[in-house]
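This is what each chain is made of:
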2 protein chains.
Amino acid sequence: MSPRIDLGPKPGLGYTANPLDRVSERRTDSTFLAAIASENRARLYLIAGESVILKNRGDTFDPLFTRTEADAFGALEPTIFLGLAEGTGRFAAGLSASTIETFRDDDQFLIKDLRSIATQGLVGPDHLAAIAEGKALLHWHARHQFCANCGAPSRPVHGGWRRDCAKCEVEHFPRTDPVVIMLASHGERCLLGRQARFAPGMWSCLAGFVEPGETIEDAVRRETREEAGISCGRVKYFASQPWPFPMSLMIGAHVEALSADIVIDRTELEDARWFEREEVIAMFLREHPDGLTTPPPIAIAHHIIRAWLEDGDYGFD
Amino acid sequence: MSPRIDLGPKPGLGYTANPLDRVSERRTDSTFLAAIASENRARLYLIAGESVILKNRGDTFDPLFTRTEADAFGALEPTIFLGLAEGTGRFAAGLSASTIETFRDDDQFLIKDLRSIATQGLVGPDHLAAIAEGKALLHWHARHQFCANCGAPSRPVHGGWRRDCAKCEVEHFPRTDPVVIMLASHGERCLLGRQARFAPGMWSCLAGFVEPGETIEDAVRRETREEAGISCGRVKYFASQPWPFPMSLMIGAHVEALSADIVIDRTELEDARWFEREEVIAMFLREHPDGLTTPPPIAIAHHIIRAWLEDGDYGFD
């Protein structure tokens, strides 16, 4: 099928384009880690839960701090080794919620949640992806101070990429939760839904966690059936995105709708309905008469919807 | 590119084709769960770590047990609600390692590890997928008896799909670890590797866990570079597979190799090298003069390799 519409230049997908060389095989090398951490050129991202501290440079913002600055700010353990950028170490460390608040009124700094940093483009895409990596790992450490196997305290090792239990000797690795996010369509119509927490007027793709014993394709069909009552057929993978809220892997797809009657699961969705292609184009271009919108480019849903608008029944012909 | 070779009928991919309706929205309904669990038609899979107990019916094996049988065998808590099959409940429960051993010499039963059940085709594909679902969840419960946030004991709720901590009130969900598994190729050659634990002579795709802050595509390129020193370009998603050892989601892909010189990470691989298409065909067909092979149909690697053999530079033309 030929393209239906050209929506102009494509913005990047948020939290991707991670430029760091993770050198994961060197995480076990404590001598290497200590050496690069102590270099003057080493830099850290400082994060407190959802909030990131940025240096205010006037018309730009710098998310990188030296070890000396991080120590002065009371950066917490563990320091996460994110990877190498041009041969120098990049790290992430946590700040306490109370510490980061002390910078709130200091105009040398900007304290901002990661979603807003992304949406407002306050740092470059390279930094955004690295901060997402750090935020996800710091969240994992914060919620995994104890061994789930025996209840004893666990401790971080390998630059923050593992936690070990001294008591039962189980090794714990960071978790990444695969989530399917999909656009069901049939001919000139697609299915969009609204969660109560969405911004007013915004409609998006349906989504849900992949479960044990399930393929990506089965999860796409199950979630669409459970949330909106729509039976689905063929599934076409689109792209993926790390989503650090708190630590998901978004797996984007298009799916062929085989039925039309919507039955909404109100515990998951505030609303769901079919949209004609012309209406979605207006939403995408922010020209809808009632102010309805689709998600911004930072979200993979934006790109999934755009591909359907541009390419038609994406992948099924 | 036109198909290069027709390798005959395609076997199914192991642990997929899960026929159960998970009715996940009803897991919170304890009245519903109790009612279907107490029905005479309810059936359980009984699993002890890697081992599954099957009823020996002479020329077939039956993995389903009644609640009465499960109780007599000392089935452990929690009972996992896997979903509905033709309106009746399917569950999984654990047996202790010592209990399952008492059946080892009883010819009414067969005690077998799940990999062998799959490879030998001892149960139908429907059962295999459901057992995979149960095994992954039971493993998760076994290793998550305590709250990782505070160290207190946690308890299973919602038919085994959540564990709650009464002390700090954190809710814990089953984890599923996304793993990329890929075939790097360039023209008439593809890259295969061997892990030391593989069967003698077997070569397969490279693989590794997707990390926080990383796309599927970046993980494919990173793992290929780290394990074999090969730079990669475009990535093409192939298919996915639940892999209950212990609880992974295998994400299969083809990837375009951009370099040729292999540098092996010996902590990950015993060996890796380029194979010409003709040699891989012989391995696939079990006709290699030195007895080299590719993995069996139960593994997604079999299907990834087959697609490359049949379709050429899969997806890049």
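Residues numbered from 1 in each chain as written. Chains lettered and ligands numbered in written order. Predicted model: local features only at pLDDT ≥ 70, side-chain atom pairs only at ≥ 80, totals over all residues. Heavy atoms only, no water.

Novice: Explain the overall build of chain A residue by residue, including any values.
Specialist: When you go through chain A residue by residue, the secondary structure sums to eight helices and 15 strands. At 22 Å, chain A has a C-alpha radius of gyration in line with the 20 Å of a compact globule built from 317 residues. A principal-axis box enclosing the C-alpha atoms of chain A has dimensions of 60 × 50 × 35 Å. Buried positions account for 58% of the 317 residues belonging to chain A. (Helix = DSSP H or I, 4+ residues; strand = E, 2+ residues; numbered from the N terminus. Rg over C-alpha atoms; globule rule 2.2 N^0.38 Å. Buried < 20%, exposed > 50% of the residue type's maximum accessible area, 1.4 Å probe, protein only.)

Novice: Outline the relation of the copies chain A and chain B, supporting the account with residue identities and numerical values.
Specialist: Placing chain A over chain B gives an RMSD of 0.0 Å and needs a rotation angle of 180°, together with 0.0 Å of translation along the axis. Put plainly, the chains are arranged around a two-fold axis. Of the residues that chain A buries at the interface, 100% are likewise interface residues in chain B, meaning the two copies contact each other through the same surface. (Least-squares fit on C-alpha atoms with pLDDT ≥ 70 in both. Contact = heavy atoms within 4.5 Å.)

Novice: Hey, could you go over the packing of aromatic side chains for me, with residue numbers and the actual values?
Specialist: Residues and elements named next belong to chain B. In total, this model carries 23 aromatic pairs over all chains according to the counting rule given. Both rings, one in F32 and one in F81, keep their centres 6.1 Å apart while their planes meet at 80°; by these two values the pair is edge-to-face. On the criterion of sequence distance, the pair formed by F32 in helix α1 (residues 30-38) and F81 in strand β4 (residues 80-85) is long-range, its members being 49 residues apart. The two residues F32 and F81 agree in class, both being buried. (Phe/Tyr/Trp six-rings, centres within 6.5 Å; stacked < 30°, edge-to-face > 60°.)

Novice: Just give me the short version of the sheet that holds strand β8 (residues 162-165) of chain B, but keep the residues and values in it.
Specialist: Residue and element names in this part refer to chain B. Strands sit in the order β7-β8-β9 across an open sheet of three strands; the sheet is antiparallel. The open sheet terminates on both sides in strands that have one partner only, identified here as β7 (154-157) and β9 (171-172). Inspection of the sheet shows β7 paired to β8 by four bridges, in the antiparallel sense. Bridging from a neighbouring strand, R155 pairs with D164 of β8. (Pairing = 2+ DSSP bridges.)

Novice: Lay out the packing of helix α7 (residues 277-284) of chain A against helix α8 (residues 300-311) of chain A in plain terms, naming residues and giving numbers.
Specialist: All names here are of chain A. The contact between α7 and α8 brings their axes to 11 Å, and the two run at 135°. Classed by the angle they form, the pair α7 and α8 counts as oblique. Crossing handedness for the pair α7 and α8: left-handed. In this structure, α7 uses R277, V280, I281 and F284 to contact α8, whose residues at the interface are H302, I305, R306, W308 and L309. When the residues that make up the contact of α7 with α8 are grouped by side-chain class, the tally is six nonpolar, one polar and two charged. (Axes fitted to C-alpha atoms, helices over the stretch in contact; angles between N-to-C directions. Parallel < 35°, antiparallel > 145°, perpendicular 65-115°, else oblique. Left-handed = near helix turned anticlockwise from the far one by under 90°. Nonpolar A, V, L, I, M, F, W, Y, C, P; charged D, E, K, R; others polar.)

Novice: Outline the interface of chain A and chain B, supporting the account with residue identities and numerical values.
Specialist: Listed per partner, the contact involves 50 residues of chain A and 50 residues of chain B. Each partner contributes to the roughly 3,900 Å² buried at the junction of chain A and chain B, and carbon and sulfur atoms together form 52% of this total. Applying the counting rule to chain A against chain B returns eight salt bridges. A salt bridge links B:R27 to A:E211; its shortest N-O distance comes to 2.7 Å. Summed over the shared surface of chain A and chain B, the result is 28 residue pairs in polar contact (both at pLDDT 80 or more). (Buried area = accessible area lost by both parts, 1.4 Å probe. Salt bridge = Lys/Arg side-chain N within 4 Å of Asp/Glu carboxyl O. Polar contact = N/O pair within 3.5 Å; in protein donor to acceptor, adjacent residues only side chain to side chain.)

Novice: A description of the environment of B:P242 should follow, citing residues and the corresponding values.
Specialist: With respect to the helices and strands, the residue B:P242 is situated in strand β13 (residues 232-243). For the pair B:P242 and B:R175, spaced 67 residues apart in sequence, the C-alpha separation works out to 12 Å. Filtering out sequence-adjacent residues up to four positions away, B:P242 remains in contact with A:G213, A:E214, A:T215, B:G14, B:Y15, B:T16, B:S248 and B:L249.

Novice: Describe empty space enclosed by the protein, with residues and values.
Specialist: As enumerated under the stated definition, the model contains four cavities of 30 Å³ or more in all. Space inside the largest cavity adds up to approximately 50 Å³. Around the largest cavity, the lining comprises 13 residues; the ones closest to its centre are A:P212, A:G213, B:P242, B:W243 and B:S248. Of all elements in the fold, only α5 (125-143), β13 and β14 (248-257) of chain B reach the threshold of two or more residues within the lining of the largest cavity. The residue inventory of the lining of the largest cavity, partitioned by class, reads eight nonpolar, three polar and two charged. (1 Å grid on protein atoms, 1.4 Å probe; cavity = no way out; pocket = protein on both sides within 12 Å on 5 of 7 lines; lining within 4 Å. Points joined across faces, edges and corners; volume = space filled by probe spheres on them.)

Novice: Now, about the confidence of the model for chain A: what can you tell me, with residues and values included?
Specialist: The predicted model of chain A averages 95 in pLDDT, with 97% of residues at 70 or higher. For this predicted complex, the interface score ipTM comes out at 0.96, while the overall pTM is 0.96. (pLDDT = per-residue confidence, 0-100.)

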